[in-house]
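Now for the letters of each chain:
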Amino acid sequence: MTIPSQFQNMLRLPVIGAPMFIASGRDLIVEQCRAGIIGAFPALNARPQTELKDWIAEIRERLAADNDGFPVAPFAVNQVMSALNDRWEADLVTIVQEKVPLIITSLRAPPPEIISEVHGYGGLIFHDVTNLKHARKAASAGVDGLILVSAGAGGQGGDRSPFALVNQVKDFFDGTIILSGAMSTGGDILAAQAMGADLAYLGTRFLAASESGTSAEHKAEIIAADADDIIYTNIFTGIYGNYLKPTLTAAGLDINNLPPWSPETAKYRRGEDGEIKVWRDIRGAGHGCGSITAEMPVADIVEQLEQEYHAALAQVQSHRFQRRR
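Talk me through the overall build of the protein chain; I want residue IDs and the actual numbers.
If you tally the helices and strands in the protein chain, you get eleven helices and ten strands. Computed over C-alpha atoms, the radius of gyration of the protein chain comes to 19 Å, within 12% of the 20 Å expected from 2.2 N^0.38 for 325 residues, which places it in the range of a compact globule. Expressed along its principal axes, the backbone C-alpha trace of the protein chain runs to roughly 65 × 55 × 40 Å. The buried share of the protein chain, reckoned over its 325 residues, is 50%. For the protein chain, restricting intrachain contacts to residue pairs at least 6 apart in sequence, the fraction spanning at least 24 positions comes to 63%. Looking at the protein chain, you have 28 positive and 38 negative side-chain charges, and the mean spots of the two groups are 6 Å apart.

An account of the sheet that holds strand β3 (residues 75–80) is needed here, citing residue identities and associated values.
Ordered by their spatial adjacency, eight strands build a closed barrel running β1-β2-β3-β4-β5-β6-β7-β8, and the pairing between neighbours is parallel. Between one strand axis and the next, the sheet turns through 25° on average, direction left out of account. Where strand β1 (residues 15–17) and strand β8 (residues 199–202) come together, three bridges link them in parallel fashion. Looking at the pairing, Ile-16 lines up with Tyr-201 of β8. In the packing of helix α1 (residues 26–35) onto the sheet, the strands contacted are β1, β2 (38–42) and β3, and the crossing angle to β2 comes to about 160°.

So, the side chain of Ser-82: which residues are in play, and what are the values?
Position of Ser-82 among the secondary structure elements: in the loop between β3 and α3 (88–97). Ser-82 gets classed as buried once you look at its relative accessible area, which sits at 13%. If sequence neighbours within four positions are ignored, Ser-82 has contacts with Trp-88 and Leu-107.

So what's going on with the layout of surface pockets? Residues and values would help.
The space that makes up the second largest pocket amounts to roughly 300 Å³. Lining the second largest pocket are 15 residues, and of these Arg-12, Arg-34, Ala-35, Asn-67 and Phe-70 lie nearest its centre. At the level of elements, α1 and α11 (298–318) are the ones that each hand at least two residues to the lining of the second largest pocket.

Describe the nonpolar core, and please don't skip the residues or the numbers.
If you look at the biggest cluster of nonpolar residues, it comprises 70 residues, and the most contacted ones within it are Phe-75, Leu-146, Leu-148 and Phe-206. Examining the composition of this core, we find that six residues originate from one element, α11, more than from any other. If near-sequence neighbours (up to four positions away) are discounted, Phe-206 is found in contact with Met-20, Leu-28, Gln-32, Ile-37, Ser-212, Val-298, Ile-301, Val-302 and Leu-305. Among the nonpolar cores identified, the runner-up in size contains 18 residues, and Leu-11, Leu-102, Val-149 and Ile-178 belong to it.

Pulling in residues and values, what's your account of unusual backbone geometry?
In this structure, Pro-48 follows Arg-47 across a cis peptide bond, with omega equal to -5°. For Lys-99, which is not glycine, the phi dihedral falls at a positive 55°. With respect to the helices and strands, Lys-99 occurs in the loop between α3 and β4 (102–106). On the basis of relative accessibility, which here comes to 47%, the residue Lys-99 falls in the partly exposed class. Positive phi outside glycine occurs at Leu-107, with the angle close to 75°.

Requested: an account of the packing of helix α7 (residues 186–195) against α11, with residues and values cited.
Interaxial distance between α7 and α11 falls to 6 Å at its minimum, and their mutual angle equals 55°. Classified by the angle between their axes, α7 and α11 sit oblique to one another. Both α7 and α11 take part in a crossing whose hand is right-handed. Residues Gly-186, Gly-187, Ile-189, Leu-190 and Gln-193 of α7 form the contact with α11, whose own contacting residues are Leu-305, Glu-308, Tyr-309, Ala-312, Leu-313 and Val-316. Grouping the amino acids of the contact of α7 with α11 by side-chain chemistry returns seven nonpolar, three polar and one charged.

Definitions and limits used
- Residues numbered from 1 in each chain as written.
- Predicted model: local features only at pLDDT ≥ 70, side-chain atom pairs only at ≥ 80, totals over all residues.
- Heavy atoms only, no water.
- Helix = DSSP H or I, 4+ residues; strand = E, 2+ residues; numbered from the N terminus.
- Rg over C-alpha atoms; globule rule 2.2 N^0.38 Å.
- Buried < 20%, exposed > 50% of the residue type's maximum accessible area, 1.4 Å probe, protein only.
- Contact = heavy atoms within 4.5 Å.
- Lys, Arg positive; Asp, Glu negative; His and termini not counted.
- Charge placed at Lys NZ, Arg CZ, Asp CG, Glu CD.
- Pairing = 2+ DSSP bridges.
- Axes fitted to C-alpha atoms, helices over the stretch in contact; angles between N-to-C directions.
- 1 Å grid on protein atoms, 1.4 Å probe; cavity = no way out; pocket = protein on both sides within 12 Å on 5 of 7 lines; lining within 4 Å.
- Points joined across faces, edges and corners; volume = space filled by probe spheres on them.
- Core = buried A, V, L, I, M, F, W, Y, C linked by side-chain atoms within 4.5 Å.
- Parallel < 35°, antiparallel > 145°, perpendicular 65-115°, else oblique.
- Left-handed = near helix turned anticlockwise from the far one by under 90°.
- Nonpolar A, V, L, I, M, F, W, Y, C, P; charged D, E, K, R; others polar.

Functional significance is not addressed by these values, which are geometric in nature.
Right under this line is the structure:
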């Protein structure tokens, strides 16, 4: 499988800017699409729920402006299909009514009638998975693409090797394969393609972008961090994810002696000092944070990724392997 026909000749790089809670606001999405990569945001970032329609309309309006003759990439909305998300049904109705070109579903694949309706207006549905069991289930539901969230991905991530995931998913799925996990450079994007993925899924790389909705403190933490500053735990949501160790320490947790997950840790508080919220105060990042050295506008990040991508391609092509006789 290659990049879907709906996206042909519209992408500068085979990249989706992964949807990130708080960080992926309208400014980030618009600039990612204008720079030539797919920009995506979680529906939950539009608050209250009635704002979601306005977000979609504003993004469309801004992307319709002249882009100096360059193609504008499509945008996507991420829908978390969870019982804990009490607005997912209303969000999904809005997303389909507005004919969003790409829907990214999480935790649970959408029902067949939704998939059929999205296909009816020419849209696509990608679903993110962390293991083969969930990949098979989503594939059988009829989604167009699988986002393989491998080890090192920011936010709620998996623990599987990207090599194993891509190779084994390709055995039973012929749709679009998108790889997620610790990718921050153009060389990483090329490597994902070499492994058999069609698109790379980059989130952490844009956390410190000038247009990101993250706090100045979070951006500084991303720039200062490397892979050793990330901890993988499920104590906050019951689902494993990667978090910045210093933010756990600042919240009063001992990173060397974390408690097991429970309803109490899922609602972790600092006691009298106030409430601690996951993602806002206990912040996430992927292992690729070590490649981020400065805050940059999205346009400059994508320019750098493109240069790195072509440099890596040239380096690979320069190697000549001789068969032994």
